[in-house]
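Structural features, examined
Here are the chains, one letter per residue:
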Amino acid sequence: MINVDVVIIGAGGSGLMCGATAGNLGRNVVIIDHAKKIGEKIRISGGGKCNFTNIYASPENYISQNPHFIKSALTQYSQWDFIKMVEKNNIEYYEKTLGQLFCKNSSQQIIDMLVKNCQDNSVKINMQTNIISVEKTSNGFIVNTDKGQYSCKSLVISCGGLSIPKIGATGLGYKIAKQFDIPVIPTSPALVPLTFNPEFLSAYKQLSGVSLNATVSTHNISFKEGLLFTHRGLSGPSILQISSYLKSGTHININLCPTINIEEFLLSEKQKGNNKKISSIIKNHMPQKLTEVIIKNLEFNSKLTETSNKDINLVATHINNWKVTPTDSEGYRTAEVTLGGVDTNYLSSKTMETKTIKGLYFIGEVVDVTGWLGGYNFQWAWSSGFVAGLNT
Ligand SMILES: Cc1cc2nc3c(=O)[nH]c(=O)nc-3n(C[C@H](O)[C@H](O)[C@H](O)COP(=O)(O)OP(=O)(O)OC[C@H]3O[C@@H](n4cnc5c(N)ncnc54)[C@H](O)[C@@H]3O)c2cc1C
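Residues numbered from 1 in each chain as written. Predicted model: local features only at pLDDT ≥ 70, side-chain atom pairs only at ≥ 80, totals over all residues. Heavy atoms only, no water.

Things to note about the overall build of the chain
Condition: Only DSSP runs of H or I covering at least 4 residues are called helices, and only runs of E covering at least 2 are called strands; the numbering of each starts at the N terminus. For each residue, the accessible area found with a 1.4 Å probe, counting protein chains only, is set against the maximum for its type, and the residue is called buried under 20%, exposed over 50%, and partly exposed in between. What makes two residues a contact is simply this: any of their non-hydrogen atoms within 4.5 Å. Only the protein chains shown count as cover for residues, with accessible areas throughout obtained via the Shrake-Rupley method and a probe of 1.4 Å. A residue counts as positive if it is Lys or Arg and as negative if it is Asp or Glu; His and the chain ends are not included. The atoms used to mark charge sites are NZ of Lys, CZ of Arg, CG of Asp and CD of Glu.
A count of helices and strands for the chain gives 13 helices and 21 strands. Taken along its principal axes, the extent of the C-alpha atoms in the chain is 85 × 40 × 35 Å. For the chain, the proportion of its 392 residues judged to be buried stands at 55%. Long-range pairs, those at least 24 residues apart, make up 71% of the contacts in the chain between residues at least 6 apart in sequence. A total accessible area of about 17100 Å² is found for the chain, and carbon and sulfur atoms account for 50% of it. Separation between the mean location of the 37 positive side-chain charges and that of the 29 negative ones in the chain comes to 2 Å.

Observations concerning the side chain of E40
Here is the rule we go by: Here a polar contact is taken to be a pair of N or O atoms separated by no more than 3.5 Å, where protein atoms must pair a possible hydrogen donor with a possible acceptor and residues adjacent in sequence count only if both atoms sit in side chains.
With respect to the element layout, E40 can be found in helix α2 (residues 40–44). We classify E40 as buried; its relative accessible area is 15%. Of the polar contacts made by the side chain of E40, one reaches the side chain of R43; its length is 2.6 Å.

What to know about unusual backbone geometry
Positive phi values are uncommon outside glycine, yet S122 reaches one of about 55°. Along the chain, the position of S122 falls in the loop between α5 (108–120) and β7 (124–126). With a phi close to 65°, N220 is a non-glycine residue in the positive phi region. Mapped onto the elements of the fold, N220 is located in the loop between β13 (211–218) and β14 (221–229).

Topic: the site of the ligand
How we decide: By convention in this text, a residue qualifies as near a molecule or strand provided that one of its non-hydrogen atoms is within 4 Å of it. Basically, the charged four are Asp, Glu, Lys and Arg, the nonpolar ten are Ala, Val, Leu, Ile, Met, Phe, Trp, Tyr, Cys and Pro, and anything else, Gly included, counts as polar.
Lining the immediate environment of the ligand, one finds 30 residues, of which S14, D33, T170, E365 and F378 sit closest. H34 places a main-chain nitrogen or oxygen 3.3 Å from a nitrogen atom of the ligand. Against a free-state accessible area of 1000 Å², the protein chains account for coverage of 92% of the ligand. When contributions to the shell around the ligand are tallied by element, the ones reaching two or more residues are α1 (13–24), α2 and α13 (376–391). Of all the elements, α13 adds the most residues to the shell around the ligand, at three residues. Looking at the shell around the ligand, its residues break down into eleven nonpolar, 15 polar and four charged.

Here we look at the sheet that holds strand β18 (residues 328–329)
Heads up, the condition is: For two strands to pair, DSSP has to find at least two bridges joining them. Only the contacting stretch of a helix is used when fitting its axis, a line to C-alpha atoms as for every element, and angles between N-to-C directions run 0 to 180 degrees.
Across the sheet, which stays open at both edges, the seven strands sit in the order β17-β16-β13-β14-β15-β12-β18 with antiparallel pairing between neighbours. Each edge of the open sheet is held by one strand with a lone partner, namely β17 (322–324) and β18. Across two bridges, the pairing between β14 and strand β15 (residues 233–235) is antiparallel. Bridge pairing in β15 places L228 opposite S235. Where helix α12 (residues 309–320) meets the sheet, it contacts β16 (252–255) and β17, and its direction lies at approximately 105° from that of β16.

A short note on the sheet that holds strand β6 (residues 100–103)
By way of backbone hydrogen bonds, the strands of a sheet pair with one another, either parallel or antiparallel. Read from one edge to the other, the open sheet built from three strands follows the order β3-β6-β5, with strand pairing classed as antiparallel. Taken across any chain shown, the strands that pair with only one partner, and hence form the sheet edges, are β3 (51–54) and β5 (93–95). Pairwise comparison of adjacent strand axes, ignoring direction, gives a mean angle of 30° for this sheet. Bridge count between β5 and β6: three bridges; the pairing is antiparallel. The partner of E95 across the bridge, within β6, is L101. Across the sheet, helix α4 (residues 79–88) touches β3, β5 and β6, and the angle it forms with β3 is around 140°.

Re the domain arrangement of the chain
Inclusion rule: As used throughout, domain bounds are those supplied by an automatic or database domain assignment. Each of two parts loses accessible area, computed with a 1.4 Å probe, when they are put together; buried area is these two losses added. What makes a salt bridge here is a side-chain nitrogen of Lys or Arg within 4 Å of a carboxyl oxygen of Asp or Glu, nothing more.
Domain boundaries assigned for the chain yield domain 1 (2–189 + 338–391) and domain 2 (194–329). Its C-alpha centre places domain 1 at a distance of 40 Å from the equivalent point of domain 2. The interface of domain 1 with domain 2 comprises seven residues on the first partner and nine residues on the second. Summing both sides of the interface, domain 1 and domain 2 together bury roughly 670 Å²; the carbon and sulfur share of this comes to 61%. Sorting the residues of domain 1 by area buried against domain 2 places I63, W372 and L373 first, and these three jointly supply 65% of that buried surface. The tally of links between domain 1 and domain 2 comes to zero salt bridges. Across the contact surface, domain 1 and domain 2 share two residue pairs in polar contact (both at pLDDT 80 or more). Split by residue class, the side of domain 1 that touches domain 2 holds six nonpolar, one polar and no charged.

A look at the pairing of β14
By the bridge criterion, eight bridges tie β13 to β14 in an arrangement that is antiparallel. Looking at the pairing, S211 lines up with L228 of β14. Linking β13 back to β14 in an antiparallel pair, the connection comprises two residues, with H219 at a positive phi of about 40°. The turn linking β14 back onto β15 is made up of three residues.

What follows is the structure, encoded as structure tokens:
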């Protein structure tokens, strides 16, 4: 039996941050993970450049049954604290768009920085170690693994959500929560491409690869970012963002040309006597292929002066307020995150310790806190990992 102060299950962003913080306070810490490599999600994130935080990160950018829960951790360890750490480690970064900070070189630099912080504080990281069971004792926990037994005063669960099982995601965190009678808010894939029925696909599949800026809305929330047509349906940042808010069977509204009111524009061109075909009038404002497909699907492409105002309205509605109902999403196979998770009502927002089991902590994606696309999810991993590390 190996006796330590803290066992952390999961060597992802939140677990590494927690380990380094607890180790820095003199705790004897071991991090256990079943995967081969440390921080795989960090490595593949942001197209290999890791969008490690967002300069605008605030509680409004997160989804949770309790929207106030994130406030304390984000205040105790903000995006500016993480940026300071990145700068101290001479990692070059840049703002890509909308406050999103990416490494200039490689996401591996973020992993190396976190691992070094752990090593500098004598934190052990045991990879390729499978958890067999977790037990509560009178003054702590016993963690049984296929490589030995650990006893600890504090047990931190940082084993993430269900997204991308191919690189090590499992439901272990939820299983441990249930073992200790801590409710789990039902989970679902989020930040995920949306799929559509065969009729939609046959009408739009020729557009696979076409991207544009669009405003995508549902239930009073909207995102103006890139949209990408794919052979399965729709993807791109605006679609991933809206997927986190989408209720099954409901439609989304898409404005394919948010900068122009197409109806007003076409009516004023008609008044001026513009005698070109509609497709050639609007093609300057949208990808030509998309314009052609919309016109083809609506089965008319008359000269503007010969087009009725009703048909102009039809075209404009299709462009400025296109209503589509996804059949589903691509699921956990490609989802960036998992919506739902460990019920925050059972956790202290200041420490991430459970209110019912002393010494048991949940951090990162396993908790019912889901960020928008754009560096917010890593910021949650850093913030929740840090506050748990301070308190273990
Ligand atoms: C493709 C992709 C790109 C992303 N890009 C970004 C981005 O650029 N910016 C951003 O903010 N967010 C991004 N995210 C989301 C971000 O990666 C997660 O929110 C974040 O990694 C969560 O950190 P975590 O520590 O909670 O969990 P994870 O990083 O998932 O770490 C969990 C760890 O636990 C281990 N584990 C799981 N089950 C077990 C088990 N049974 N036994 C032992 N160990 C186990 C795993 O191997 C893993 O190492 C992206 C996600 C994906 C999938």
